[in-house]
There are 2 protein chains.
Amino acid sequence: MDVDTRLLRYFTAIAEEGNLTRAAQRLFVSQPALTKQLKHLESHLGVRLFTRSSTGMTLTEAGRALAARVPALLGAWDEAAAETRTAARVLRVGFLSSAANEATQDIVAAFRERRQGWRVDMRQAPWSDPTAGLAGAEVPVALLRLPFSGQESFGVRSLFREPRCVALSCTHPLAGRAEIAFTELLDEPVVAAPGGDGVWRDHWLAMSEREGREVRVGAVTEQPDEFLSAIAHGYGIALVPASAARFYARPGVVYRPVTGVSPSEAGVAWHRDADEAVTDFVRCCLALARAGAEV
Amino acid sequence: MDVDTRLLRYFTAIAEEGNLTRAAQRLFVSQPALTKQLKHLESHLGVRLFTRSSTGMTLTEAGRALAARVPALLGAWDEAAAETRTAARVLRVGFLSSAANEATQDIVAAFRERRQGWRVDMRQAPWSDPTAGLAGAEVPVALLRLPFSGQESFGVRSLFREPRCVALSCTHPLAGRAEIAFTELLDEPVVAAPGGDGVWRDHWLAMSEREGREVRVGAVTEQPDEFLSAIAHGYGIALVPASAARFYARPGVVYRPVTGVSPSEAGVAWHRDADEAVTDFVRCCLALARAGAEV
DNA sequence: CCACGTCCATTCCGCCAGGTTATGGCGACG
DNA sequence: CGTCGCCATAACCTGGCGGAATGGACGTGG
């Protein structure tokens, strides 16, 4: 009777992968769940969309007809949603923990100054999505950390750089040191972000500074509070922006400067086909980035 | 995260009614269910779509923007589904119990002759939907009984007429009679179809032949088997097409000719914007209607 | 020819979204 | 000021979704 966008995304994933198992892991669901959903779609349409074989799934004539239509359907929905939000004078902004630091409030204030009567709806994203909702079209613009994979398909501007430091438990042997060389940390277990995103994860694990040394993952966390408690429990250490010392001070957690790792870069990213409000927001970001960089 | 067509239909119903309670009964759900679903949609979009008051719901600016888009979205989906079915060489045909009688098989055969390699997918509709799925766009074409309300918005052709007779329990006092006058039946309880469709229901209750006499409804049924068992149990009598005697003979149920009621008219109806396969099917119906009428 | 790997289907189970009924709060209206 | 209509909330129930484990069909390599 009813079809939702999820079903359509499932369908395209299967079509593109040509393989249920792989499509399932790409969508982060189990293979039986996909089987079942696909059956629903097929019985809803009364049509077989794929021919199954032991080598995989291939689209039928009907499946190809549907596949040709689905992107337009999903696009039309995203567009309608974006237009609705615009009409409500609400700008939804994704962000990653403290992505833009102290500048965030100023950016929002500047935007509300520029667009009287608008509201800014800040949505914090989990670290499993370094695009902060941009990739899933949940937000048209986001404050985040660079680089992230898939960056090329969005508009991206750098806002400022800041050094990275290390977060460790106050009980850690190195906690008393004023400064730590990254080479001293190569064998420490780390508290990492989940997910498979390559560039971004590599940056925070400082893969390029490890020269091939293995990473031992002591814990995986999605959100700041989980992260802090993992650090405090001594499950591992982690590289964080220097500003974390101001934003995430907590008993049991200390932050120490680190030498030998590249700085972190904060940025703003947006969907290419976004509306005027988004470009206004980006302008505000850029205007305030200089001020923020000096903090 | 995901939106389905149901949510959009709910939304338009609320927008059109301007009143949750009425929209709820139009959609055959409870009012709290609508409240909850609407909240989901609003929080998904991060936008208030209606302003609530004790006089009802009125669209906000954002709500109007969405309302302007939704028909196109739903239409695009229906279109994509129709095209997919066409590509699969499947024609889905809605029908109402024995709508086209013996002709049905011949029509299907003729269609398969005309369109080599096509399959016809017959979907039986419940009597709560006299359009046999046409109104909900579940099928592009249907075999049904005329008249039904909303008829003007579809293509409609009459196929044949046949007399109506009365179905009654074999224990009924009149069961032994060879023929019955409708005036003798005015005080009998009847087994009726559910739902509010005016013209169609009135026709089967023979409202215009009752001259204002009240109808007593003894039972309401959705499907032939329910109907037959209701008749057999003596919950009431009912007018049926004369052909029912052939299609629905059953122990405990007798069919008797009735005088004083208009005949029943079988027809084919289709969506105006349907594709070639549908018009082919309609042609087959018309070609075989004459043959069927003589049976 | 068999043993194994791959891929899709099936089964069973826990859980949540979406439904229902009952009830509360609030403004409009007589 | 009582009453009615309308929407929100609470408590509860159930069907469907998703997960883990398993089965079955097919191809492939030793």
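Please refer to the structure higher up on the page.
The rules behind the values
Residues numbered from 1 in each chain as written. Chains lettered and ligands numbered in written order. Predicted model: local features only at pLDDT ≥ 70, side-chain atom pairs only at ≥ 80, totals over all residues. Heavy atoms only, no water. Contact = heavy atoms within 4.5 Å. Buried area = accessible area lost by both parts, 1.4 Å probe. Salt bridge = Lys/Arg side-chain N within 4 Å of Asp/Glu carboxyl O. Polar contact = N/O pair within 3.5 Å; in protein donor to acceptor, adjacent residues only side chain to side chain. Helix = DSSP H or I, 4+ residues; strand = E, 2+ residues; numbered from the N terminus. Least-squares fit on C-alpha atoms with pLDDT ≥ 70 in both. Buried < 20%, exposed > 50% of the residue type's maximum accessible area, 1.4 Å probe, protein only. Near = heavy atom within 4 Å. Pairing = 2+ DSSP bridges. Axes fitted to C-alpha atoms, helices over the stretch in contact; angles between N-to-C directions. Phe/Tyr/Trp six-rings, centres within 6.5 Å; stacked < 30°, edge-to-face > 60°. Lys NZ or Arg CZ within 6 Å of the ring centre and 35° of its normal. Core = buried A, V, L, I, M, F, W, Y, C linked by side-chain atoms within 4.5 Å. Domains from an automatic or database assignment.

Visitor: I would appreciate a short explanation of the interface of chain A and chain B in the present structure.
Guide: Accessible area lost on assembly of the parts is the figure often given for the size of an interface. Of the residues lining the interface, 37 residues belong to chain A; the matching set on chain B comes to 37 residues. For chain A, the biggest contributors to the area lost against chain B are Arg 69, Trp 77 and Thr 84 of chain A; these three give 21% of the whole. Between the two partners, chain A and chain B, sit six salt bridges. Between Glu 83 of chain A and Arg 69 of chain B there is a salt bridge; the shortest N-O distance is 2.5 Å. Across the contact surface, chain A and chain B share 19 residue pairs in polar contact (both at pLDDT 80 or more). Mapped onto the side of chain A that touches chain B, the elements with two or more residues apiece are helix H1 (5-17), helix H3 (31-45), helix H4 (61-87), strand E3 (90-96) and strand E4 (119-125) of chain A. With 15 residues, H4 of chain A is the single largest residue contributor to the side of chain A that touches chain B.

Visitor: Is there a simple way to explain the relation of the copies chain A and chain B in this structure?
Guide: For the pair of chain copies, the relating operation is a rotation around an axis with a shift along it. Between chain A and chain B, the superposition needs a rotation of 180 degrees and an axial shift of 0.0 Å, giving an RMSD of 0.2 Å. Here the two chains are linked by the operation of a two-fold rotation axis. The position closest to the rotation axis in chain A is occupied by the C-alpha of Asp 4 of chain A, lying 1.8 Å away. Of all interface residues in chain A, 100% are interface residues in chain B too; the two copies therefore contact each other through one and the same surface.

Visitor: Can you walk me through the pattern of salt bridges in this structure?
Guide: Oppositely charged side chains can pair when the atoms bearing their charge come close. Under the counting rule described, the total for this entry stands at 38 salt bridges over all chains. Here Glu 61 of chain A makes a salt bridge to Arg 64 of chain A, at a shortest N to O gap of 3.1 Å. With Glu 61 of chain A and Arg 64 of chain A both in helix H4 and three residues apart, this pair spans about one turn of that helix. What makes Glu 61 of chain A partly exposed here is its relative accessible area of 49%. Exposure remark for Arg 64 of chain A: the relative accessible area of 45% places this residue in the partly exposed category. A salt bridge links Arg 26 of chain B to Glu 17 of chain B, with the nearest nitrogen and oxygen atoms 3.0 Å apart. Classification of Glu 17 of chain B as partly exposed rests on a relative accessible area of 24%. A network of salt bridges, in which partner residues are shared, links Glu 16, Glu 17, Arg 22 and Arg 26 of chain A.

Visitor: I would appreciate a short explanation of the protein's contact with DNA strand D in the present structure.
Guide: Close to DNA strand D lie 24 residues, the nearest being Ser 30, Gln 37 and His 40 of chain A together with Lys 39 and Arg 52 of chain B. In DNA strand D, the atoms that sit within 4 Å of the protein are 72% sugar and phosphate, with bases accounting for the remainder. Between Tyr 10 of chain A and DNA strand D, the recorded distance is 3.3 Å, taken from a side-chain N or O atom to a phosphate oxygen. Here a phosphate oxygen of DNA strand D sits 3.3 Å away from a polar atom, N or O, in the side chain of Asn 19 of chain B. Secondary structure elements with two or more residues in the surface near DNA strand D: H1 and H3 of chain A together with helix H2 (20-27), helix H3 (31-45), strand E1 (50-53) and strand E2 (56-59) of chain B.

Visitor: Would you take a moment to explain the sheet that holds strand E12 (residues 253-259) of chain B for this structure?
Guide: Strand pairing in a sheet relies on backbone hydrogen bonds, with the paired strands running either antiparallel or parallel. All names here are of chain B. Strand order in the open sheet formed by four strands is E8-E12-E7-E11, with mixed pairing between adjacent strands. Both outer strands of the open sheet, strand E8 (180-181) and strand E11 (238-241), are each paired with one neighbouring strand and no more. Sheet topology note: the strand E7 (residues 164-169)/E12 ladder contains five bridges and is antiparallel. From the neighbouring strand, Ala 167 faces E12, where its bridge partner is Tyr 255. Relative to E7, helix H8 (residues 224-232) is tilted by about 60 degrees, and along the sheet it contacts E7, E11 and E12.

Visitor: Quick question: what am I supposed to make of unusual backbone geometry here?
Guide: Note: most peptide bonds trans; most residues except glycine with negative phi. Residue and element names in this part refer to chain A. Cis geometry is adopted by the peptide bond preceding Pro 147, which originates at Leu 146 and carries an omega value of -5 degrees. With respect to the helices and strands, the residue Pro 147 is situated in the loop between strand E5 (141-146) and strand E6 (155-162). Although it is not a glycine, Ala 132 sits at a positive phi angle of roughly 55 degrees. With respect to the element layout, Ala 132 can be found in the loop between E4 and E5.

Visitor: Even after reading the chapter, I still don't get the packing of aromatic side chains, so can you show me in this structure?
Guide: The geometry of an aromatic ring pair is captured by the separation of the ring centres together with the interplanar angle, meaning the angle of the planes. Under the defined criterion, the tally for this structure stands at twelve aromatic pairs over all chains. For the pair Phe 11 of chain B and Phe 50 of chain B, a centre-to-centre distance of 5.6 Å together with 55 degrees between the ring planes defines the contact as tilted. Here Phe 11 of chain B, found in helix H1 (residues 5-17), pairs with Phe 50 of chain B, found in strand E1; they are 39 residues apart in sequence, far enough to count as distant. Phe 11 of chain B gets classed as buried once you look at its relative accessible area, which sits at 1%. An aromatic cluster of three or more residues is present, and its members are Phe 111, Trp 118 and Phe 281 of chain A. A cation sits over an aromatic face here: Arg 6 of chain B above Tyr 10 of chain B, 5.9 Å from the ring centre.

Visitor: What's the story with the protein's contact with DNA strand C in this structure? I'm lost.
Guide: Contacts to DNA strand C come from 22 residues, most closely from Lys 39 and Arg 52 of chain A together with Tyr 10, Ser 30 and Lys 36 of chain B. For DNA strand C, the backbone portion of the atoms within 4 Å of the protein, that is sugar and phosphate, comes to 68%. Within the contact set of DNA strand C, a phosphate oxygen lies 2.3 Å away from a side-chain nitrogen or oxygen of Lys 39 of chain A. Within the backbone of Ser 30 of chain B, one N or O atom sits 2.6 Å away from a phosphate oxygen of DNA strand C. Mapped onto the surface near DNA strand C, the elements with two or more residues apiece are helix H2 (20-27), H3, strand E1 (50-53) and strand E2 (56-59) of chain A together with H1 and H3 of chain B.

Visitor: What is the right way to read the nonpolar core from this model?
Guide: Within soluble globular proteins, side chains that are nonpolar generally end up buried alongside one another. All names here are of chain B. Ranked by internal contacts, the top residues of the largest apolar core, which has 72 residues, are Leu 91, Val 141, Leu 143, Phe 227, Tyr 255 and Phe 281. Residue contributions to this core peak at eight residues, all from helix H10 (residues 276-294). Counting the residues that make up this core, at least three belong to each of domain 2 (88-159 + 265-294) and domain 3 (164-262). The contacts of Tyr 255, once residues within four sequence positions are left out, are Cys 165, Val 166, Ala 167, Leu 228, Val 240, Ala 244, Ala 245, Tyr 248 and Ala 249.

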